[in-house]
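Residue-level structure breakdown
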There are 2 protein chains.
Amino acid sequence: MPEYTAPVRDMQFLLHDVLKVGESDIPGYDELEPDFTAAVLEEAGKLASEVLAPLNPVGDREGCVLENGVVRTPAGFREAYAKLREGGWMGLDCDPEYGGQGMPYILGTAVGEIFVSANMAFNMYQGLTHGAYSTINAHGTEEQKATFLPKMVEGIWSGTMNLTEPHCGTDLGLIRTRAEPQDDGTYRITGTKIFISAGDQDITENVIHLVLARAPGGGPGTKGISLFIVPKFLVNDDGSLGARNAVSVGNLEKKMGIHGNATCVMNYDGATGYLVGDLHKGMRNMFTMMNEARIGVGLQGYAQAEAAYQAAVAYARERLQGRAVTGPKNPDGPADPLIVHPDVRRMLMDQKGFVEGARAFVLWGAQMIDRHMRAGDQDAHGLISLMTPVIKGFLTDKGFESTVLAQQVFGGHGYIEETGMSQFVRDARITQIYEGANGIQALDLVGRKLGLDGGRHVMAFFEMVKDFIKENKDNDALNADFLEPLKAASKDLQAAGMFFMQHGMKNPDTALAGSHDFMHLFGHTCLGLMWARMAKSALAALEAGEGDAAFYQAKLATGRYYMARQLPATALHLRRIESGADPVMALDAEAF
Amino acid sequence: MPEYTAPVRDMQFLLHDVLKVGESDIPGYDELEPDFTAAVLEEAGKLASEVLAPLNPVGDREGCVLENGVVRTPAGFREAYAKLREGGWMGLDCDPEYGGQGMPYILGTAVGEIFVSANMAFNMYQGLTHGAYSTINAHGTEEQKATFLPKMVEGIWSGTMNLTEPHCGTDLGLIRTRAEPQDDGTYRITGTKIFISAGDQDITENVIHLVLARAPGGGPGTKGISLFIVPKFLVNDDGSLGARNAVSVGNLEKKMGIHGNATCVMNYDGATGYLVGDLHKGMRNMFTMMNEARIGVGLQGYAQAEAAYQAAVAYARERLQGRAVTGPKNPDGPADPLIVHPDVRRMLMDQKGFVEGARAFVLWGAQMIDRHMRAGDQDAHGLISLMTPVIKGFLTDKGFESTVLAQQVFGGHGYIEETGMSQFVRDARITQIYEGANGIQALDLVGRKLGLDGGRHVMAFFEMVKDFIKENKDNDALNADFLEPLKAASKDLQAAGMFFMQHGMKNPDTALAGSHDFMHLFGHTCLGLMWARMAKSALAALEAGEGDAAFYQAKLATGRYYMARQLPATALHLRRIESGADPVMALDAEAF
């Protein structure tokens, strides 16, 4: 069974050396003292290593079971959830008004990575609750907030999101679930929703479903959709649980992975629902939850890769096989450990370079969210809106690749379920699919986000890269290894954007045919920027003679690997984009 | 459940338009008339569609079970195997002396693709038997051949290969299984082998294990290893089955995929074994089986991708979601089919371009094998030896990627086991791992095959590319779209080889650190050559006004896609190779 250790040292480096949270003027960041964040992360790490990670293979093996209409989660999930609740982890970054601890989102994100690495399927119960909390907090009435949020923050009630129906996932304009207004101001919700993660369980006392449905009088397509709260149990005026609502689990899906999380078909048979936000504006309101969820899924992508990487490193150190071509490294043993072999190194460095870059990217993104939420910074909001599809799409595509590489390090043993590597791969695979398949992320990026506010946010990104290069141009140690490759990547990204502008009017398929490559080009450039920033901080620390020199040296070596071996992928992505839509669209549908 | 249709039209195009088997002077190729090959492939396709493909999900769901020391295969496997046997498919390309039909290897390969696409786990029982047949046929005594081969060719007995042990897979020099010589000339085999595919089953009457073991008097490492036949049941002089041999199944592995094939721990407890070939030369002899198996695994890589691609195309045509950006294509329906969307096209074209290129590559390789085996052509042998790791490593890496893309087309439905897409991905994953993990293929390529016979074979490959470009330089329709990109790829490949030569002496890690990228660079160049050859044939057919113009047009469009969007990856691989070993090896093992 793979062991897991929270990467606290690395997170501390990001929070304090790179993102310098202590120097930030974002309200609440003054609490993020190094000792404090270290203590929180260590404590989360302990829970992750001792409780959550050992449950991960149990959840995979046992899966969830539907019994008498109620989902039973794998053995130990209930108890582990209670531990999370007792530790106050549920409401870490939630509003103190509803019982939360009011910590910045960036700290919640770092803790989230730790929990997701240890047990992704388990953590989804809490993650979806958090998303539902945010949505009700943003769009609900005061009464709704008072009724639902304290119990959700405490972890006694959970939350879900209900969008997909059998005939529509991506294209929510086709939704058929109906909401009929009642005289008392509530709605009767009727329809079938599928792929509802954490749709039911035996962990919390109530489940608060957020449901998209069509009320009379709305327009066609997504314009006529509204958002409703549909609790599993109705709530009495005194907050106690009342009657069972007319919502039930129709089926449990048998999936490739995340077996520990119940993916439900939910049947709504005239269930009582409460409108959230304005009528017919449900899609807009649901986006609060979807955007948070998309960043959360990007995090899952690299968090799985991190867990798998740790296992691969342990195996590569321990398994003796073959001899180093430069001479035995373990002359007294029957063979050298795998880690001496250059191709094994390549696989480990690919993983390490990706995971550490991705972590920097997501924590940087979390800082943007805090800047928006806590300081009202609209530019930060624009930037994170632009980046959300990149975080989701790029980090999950690469996260899956990275997890597959970790499995590869194990050779045949990686294919045997017992080692746990197959589970990492099977679990990671969903991250490319749910919360908007990655093709949809790419479409959102080039079709919507690039042009948002007149293209202001993508220009701000280019400025940020340019400024960083300019500010550091006299830093010789940074220049050739980091700034030059970053400049080249940024140039490729700009050229791709330019190509879309020049050809998009003539042929609207141009940007769409290049959207996947553009998302990857963008993602690489972001990770290149993150590595350049990390390298700068590592160099500064080395120069100052502070702390653990070996840690900073390793950071630099890993960054150099990323810049030399991964970042040049931008040229290939540009090349594909510049081949235009014709090669992609040339065939008739019948010719496939 | 995914449906499967054998790509007979495409195979006929390759055999007759591209490889022109009818014009070949290879003995036996005169039998490969278009009508004959079409009839064979159609018949194999019928069996595949009607019998094997429907059993594929059954095998995945039920898996194999160990009962009272014997493996029980999934329901229907026994009966399906009987149908294969009755149809004479087992011995299609086997020696008529032992009951085979004596067809060329290229026809067996095309039929093999069809069976593997339909049901990979099932076909492994037959595939391993074929490998064992080839090994005994090449290295066994006349008596051994007479005893074992007829029953194996008939399909009444099966074969396996036993290499891996718990502590060694790649590094076979560490093998501990012992062979003690007996007075009667036999050996007593004692030891434990793991990951033995098709190690036991209830399909055939006997299982002929080929086992690597260490006999007294050999050198250390791989030099002291010999190859033995160890039948499950001893064979009496009259050919009937005798006593149970001291070999048993210790355990069945629980794997990520290929559940329908029994992956066994085999215990040899003083089992009777018969030496095959010379004492202490077992590794060399086993390579007959391994080389055949490696090409077979490369075939599995793209055959799974083909099956998954067919399912993805069907889904993309049928599932209605969203509208084409260029205007509705299905105005009377609620939405357009997925296939109108450029990013879905990109995914389908990636798959189609890969699968068709890979098929050409493998059939071309099969022709080289026939040229060697039937016409004694040593150059052909050198070329296919060089290409074997490329076929195995590149086609399985890309085959897995392609299969994952097919799953992605299904969105959330692809993650649900019911659609069968998860099985394709889980099954395809093993191809990158077994028969020498792909890192070993890359090592074999740069460490051994490149320099083989003074580098003569890689030079022959470059000549072949150069000659093709030169011969066709006046073909304008071919030039810009096919010859120029091929020339660029070939130049990248030569530059990579040059880089290894220049830096390999100084630092032996250089080639190893670039081996994976070199294998992919080589693979892309081979597929580029195949696409250029297919384009040439398609253009010629169009010009001659022969046959189905739409088929040839689609072939050209698919080839153009590959050349424009996939082949340029060679530049990225070269770039990584030229970054040298330093970035890969910079970290201390402790710093991971």
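Residues numbered from 1 in each chain as written. Chains lettered and ligands numbered in written order. Predicted model: local features only at pLDDT ≥ 70, side-chain atom pairs only at ≥ 80, totals over all residues. Heavy atoms only, no water.

A few words now on the overall build of chain A. For chain A, the helix and strand inventory stands at 18 helices and 11 strands. The globule rule puts the C-alpha radius of gyration for 592 residues at 25 Å, and the 24 Å found for chain A is close to it. Dimensions along the principal axes, computed over C-alpha positions, put chain A at roughly 80 × 60 × 55 Å. Of all 592 residues assigned to chain A, the portion counted as buried reaches 65%. Look at the contacts in chain A between residues 6 or more apart in sequence, and 73% of them connect residues 24 or more apart. With the model as given, the accessible surface of chain A reaches about 20600 Å², and the carbon-plus-sulfur share is 51%. Taking the average location of the 53 positive side-chain charges in chain A and that of its 73 negative ones, the two points are 5 Å from each other. (Helix = DSSP H or I, 4+ residues; strand = E, 2+ residues; numbered from the N terminus. Rg over C-alpha atoms; globule rule 2.2 N^0.38 Å. Buried < 20%, exposed > 50% of the residue type's maximum accessible area, 1.4 Å probe, protein only. Contact = heavy atoms within 4.5 Å. Areas by Shrake-Rupley, 256 points an atom, 1.4 Å probe, with all protein chains shown as cover. Lys, Arg positive; Asp, Glu negative; His and termini not counted. Charge placed at Lys NZ, Arg CZ, Asp CG, Glu CD.)

It is worth spelling out the relation of the copies chain A and chain B at this point. Mapping between the two chain copies consists of a rotation about an axis together with a translation along that axis. When chain A is fitted to chain B, the best match, at an RMSD of 0.0 Å, comes from turning it 180 degrees and sliding it 0.0 Å along the axis. Such a turn and shift between the copies fits a two-fold axis. Looking at the rotation axis and the C-alpha trace of chain A, the residue lying nearest is Leu572 of chain A, at 3.4 Å. (Least-squares fit on C-alpha atoms with pLDDT ≥ 70 in both.)

Bringing the interface of chain A and chain B into the picture now. Between chain A and chain B, the residue contacts involve 87 residues of the former and 87 residues of the latter. It is Tyr415, Arg565 and Phe592 of chain A in chain A that bury the most area against chain B; as a group they hold 13% of the surface buried on that side. Inspection of the region where chain A meets chain B yields 2 salt bridges. Residue Asp517 of chain A is joined to Arg565 of chain B by a salt bridge in which the shortest nitrogen-to-oxygen separation is 3.6 Å. (Buried area = accessible area lost by both parts, 1.4 Å probe. Salt bridge = Lys/Arg side-chain N within 4 Å of Asp/Glu carboxyl O.)

What follows deals with the environment of Ser240 of chain A. Residue and element names in this part refer to chain A. Its place among the elements puts Ser240 in the loop between strand E8 (233-235) and strand E9 (241-244). Distance from Ser240 to Leu172, taken between C-alpha atoms, is 34 Å for residues 68 residues apart in sequence. A distance of 2.6 Å separates a polar atom in the side chain of Ser240 from a polar atom in the side chain of Asp238. (Polar contact = N/O pair within 3.5 Å; in protein donor to acceptor, adjacent residues only side chain to side chain.)

All names here are of chain B. Along its 30 residues, helix H15 (residues 515-544) runs 43 Å from first to last C-alpha, staying within 8% of the 44 Å computed at 1.5 Å per residue. The buried count for H15 comes to 24 of 30 residues, which makes it a mostly enclosed element. Trailing H15 by a residue or two, Gly545 shows a phi angle of about 65 degrees, which is positive. (Expected span 1.5 Å × (residues − 1).)

Once that is clear, we can look at the nonpolar core. Grouped together as the largest cluster of nonpolar side chains are 356 residues, with contacts concentrated most on Phe522 of chain A together with Phe522 of chain B. The residues contacting Phe522 of chain B, other than those within four sequence positions of it, are Leu386, Met387, Val390, Leu445, Val458, Phe461 and Leu493 of chain B. Counting residues in hydrophobic clusters, the runner-up holds 29 residues, among them Leu587 and Phe592 of chain A together with Tyr309 and Ala554 of chain B. (Core = buried A, V, L, I, M, F, W, Y, C linked by side-chain atoms within 4.5 Å.)

Turning our attention to the packing of aromatic side chains. Residues and elements named next belong to chain A. Tallied over the full model, the rule gives 31 aromatic pairs over all chains. Here Phe551 and Tyr552 contribute two aromatic rings whose centre-to-centre distance is 5.4 Å and whose plane-to-plane angle is 80 degrees, an arrangement assigned as edge-to-face. Take Phe551 and Tyr552: they sit in the same class, and that class is buried. One aromatic cluster is present, built from ring pairs that chain together Phe461, Phe462, Phe500, Phe518 and Phe522. Positioned over the ring face of Phe400 is Arg429, at 5.5 Å from the centre of the ring. (Phe/Tyr/Trp six-rings, centres within 6.5 Å; stacked < 30°, edge-to-face > 60°. Lys NZ or Arg CZ within 6 Å of the ring centre and 35° of its normal.)

All names here are of chain A. Note on placement: Thr204 falls in the loop between strand E5 (187-197) and strand E6 (206-214). The exposure class assigned to Thr204 is buried, which follows from its relative accessible area of 10%. Separated by 3.4 Å, the side chains of Thr204 and Ser158 make a polar contact. Here Asn206 takes part through its backbone oxygen, which lies 3.0 Å from a polar atom of the side chain of Thr204. Residues within four places of Thr204 in sequence aside, it is in contact with Tyr81, Gly155, Ile156, Trp157 and Ser158.

Position of Glu418 of chain B relative to the elements: it lies in the loop between helix H9 (378-409) and helix H10 (421-429). Sequence separation between Glu418 of chain B and Met1 of chain B is 417 residues; the distance between their C-alpha atoms is 7.1 Å.

This part is about unusual backbone geometry. A positive phi is found at Asn68 of chain A, a non-glycine position, where the angle reads about 50 degrees. Following the sequence through the fold, Asn68 of chain A ends up in the loop between strand E1 (65-67) and strand E2 (70-72). Accessibility expressed as a relative area gives 81% for Asn68 of chain A, which makes it exposed. Look at Lys20 of chain B: it is not a glycine, yet its phi comes out positive at around 45 degrees. Mapping Lys20 of chain B onto the fold places it in the loop between helix H1 (8-18) and helix H2 (34-62).

Let us look at a negative patch on the surface. Residue and element names in this part refer to chain A. Negative charge collects at one region of the surface, where Asp30, Glu31, Glu33 and Asp35 lie side by side. In this fold, Asp35 is placed in helix H2 (residues 34-62). Accessibility expressed as a relative area gives 67% for Asp35, which makes it exposed. (Patch = residues over 30% accessible without salt bridge, like charges linked within 9 Å, V, L, I, M, F, W, Y side chains within 5 Å.)

Moving on to the confidence of the model for chain A. Confidence in the prediction for chain A averages 96 pLDDT; 100% of positions are at 70 or higher. On the interface metric, ipTM, the complex scores 0.97, and its pTM is 0.98. (pLDDT = per-residue confidence, 0-100.)

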